[in-house]
Amino acid sequence: MIVDNCSMQLVKNPSQFDVMVAPNLYGSIISHIAAGITGGVGMTPGACIGQNYALFSQGMPHTGLQLAGKDAANPGSILISSVMMLRYLGLPRFADQISSAINEVLEERKVRTRDIGGTSTASEFTRAIIHHL
């Protein structure tokens, strides 16, 4: 893979890609570009799946020190990662319920954290998702 060409193609026509497998450095570069295209780090899930273990976390970890104690960090990435974990564990019904609730909140466009164009707090965003469950 030529990562600079891949990066340009990803920005130009992201729908041409389905699944990408890359070494750590290239994967980080590509995932940062994908986060920018899709709305930012707050909505980017992550997973590392190996032969014996799986780890699910937000896709773009950062310290977020400026958000500490302000109820401002978008919980979307960890919630979407949780959906991926539930599917991995063979619990698709629960994954579908949470995924649908997240999608409904986003489609309504009423409750959004600042990083995705809104003014809502993390708690308000989470409560809206819970309301749709």
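Relevant structure appears above.
Rules of the game
Residues numbered from 1 in each chain as written. Predicted model: local features only at pLDDT ≥ 70, side-chain atom pairs only at ≥ 80, totals over all residues. Heavy atoms only, no water. Helix = DSSP H or I, 4+ residues; strand = E, 2+ residues; numbered from the N terminus. Rg over C-alpha atoms; globule rule 2.2 N^0.38 Å. Contact = heavy atoms within 4.5 Å. Lys, Arg positive; Asp, Glu negative; His and termini not counted. Charge placed at Lys NZ, Arg CZ, Asp CG, Glu CD. Phe/Tyr/Trp six-rings, centres within 6.5 Å; stacked < 30°, edge-to-face > 60°. Lys NZ or Arg CZ within 6 Å of the ring centre and 35° of its normal. 1 Å grid on protein atoms, 1.4 Å probe; cavity = no way out; pocket = protein on both sides within 12 Å on 5 of 7 lines; lining within 4 Å. Points joined across faces, edges and corners; volume = space filled by probe spheres on them. Nonpolar A, V, L, I, M, F, W, Y, C, P; charged D, E, K, R; others polar. Pairing = 2+ DSSP bridges. Polar contact = N/O pair within 3.5 Å; in protein donor to acceptor, adjacent residues only side chain to side chain.

**Q** Outline the overall build of the chain, supporting the account with residue identities and numerical values.
**A** Along the chain, the regular secondary structure elements total 5 helices and 2 strands. Listing every helix and strand of the chain by position from the N terminus yields α-α-β-β-α-α-α. Over its C-alpha atoms the chain spans a radius of gyration of 16 Å, differing by no more than 12% from the 14 Å that the globule rule assigns to 133 residues. When its C-alpha atoms are laid out on the principal axes, the chain stretches across 45 × 35 × 30 Å. Restricting the contact set of the chain to residue pairs at least 6 apart, pairs at least 24 apart contribute 48%. In the chain, which carries 9 positive and 9 negative side-chain charges, the distance between the mean positions of the two groups comes to 4 Å.

**Q** So what's going on with the packing of aromatic side chains? Residues and values would help.
**A** Within this structure, the stated rule accounts for 1 aromatic pair. Over the ring of Phe-94 we find Arg-93; its NZ or CZ atom is 4.7 Å from the centre of that ring.

**Q** Go over the layout of surface pockets with me, naming the residues and quoting the values.
**A** Taken as a whole, the largest pocket holds about 1,000 Å³ of empty space. In terms of lining residues, the largest pocket is bounded by 32 residues, among which Gly-27, Ser-31, Pro-45, Gly-46 and Gly-59 are the most central. Those elements giving two or more residues to the lining of the largest pocket turn out to be helix 2 (24–38), strand 1 (45–49) and strand 2 (54–58). Its residues assigned to classes, the lining of the largest pocket shows 20 nonpolar, 11 polar and 1 charged. Approximately 340 Å³ is the volume attributed to the second largest pocket. Surrounding the second largest pocket, 15 residues form its lining, Leu-67, Ala-72, Ala-73, Asn-74 and Asp-115 being those nearest its centre. In terms of residue class, the lining of the second largest pocket is built from 6 nonpolar, 7 polar and 2 charged.

**Q** Kindly report on the pairing of strand 1, identifying the contributing residues and their values.
**A** Pairing of strand 1 with strand 2, which is carried by 5 bridges, proceeds in the antiparallel orientation. Bridging across to strand 2, Gly-46 finds its partner in Ser-57. Linkage of strand 1 to strand 2, two consecutive antiparallel strands, is achieved through a turn of 4 residues.

**Q** Can you lay out the side chain of Thr-113 for me, pointing to particular residues and giving the numbers?
**A** The topology assignment puts Thr-113 in the loop between helix 4 (92–108) and helix 5 (122–131). Polar side-chain contacts of Thr-113 include one of 2.5 Å to the side chain of Asp-115. Excluding residues within four positions of it along the chain, Thr-113 makes contact with Ala-72, Asn-74, Pro-75, Gly-118, Ser-120, Thr-121, Ala-122 and Phe-125.

Scope: geometric values only; no functional claims are made or implied.
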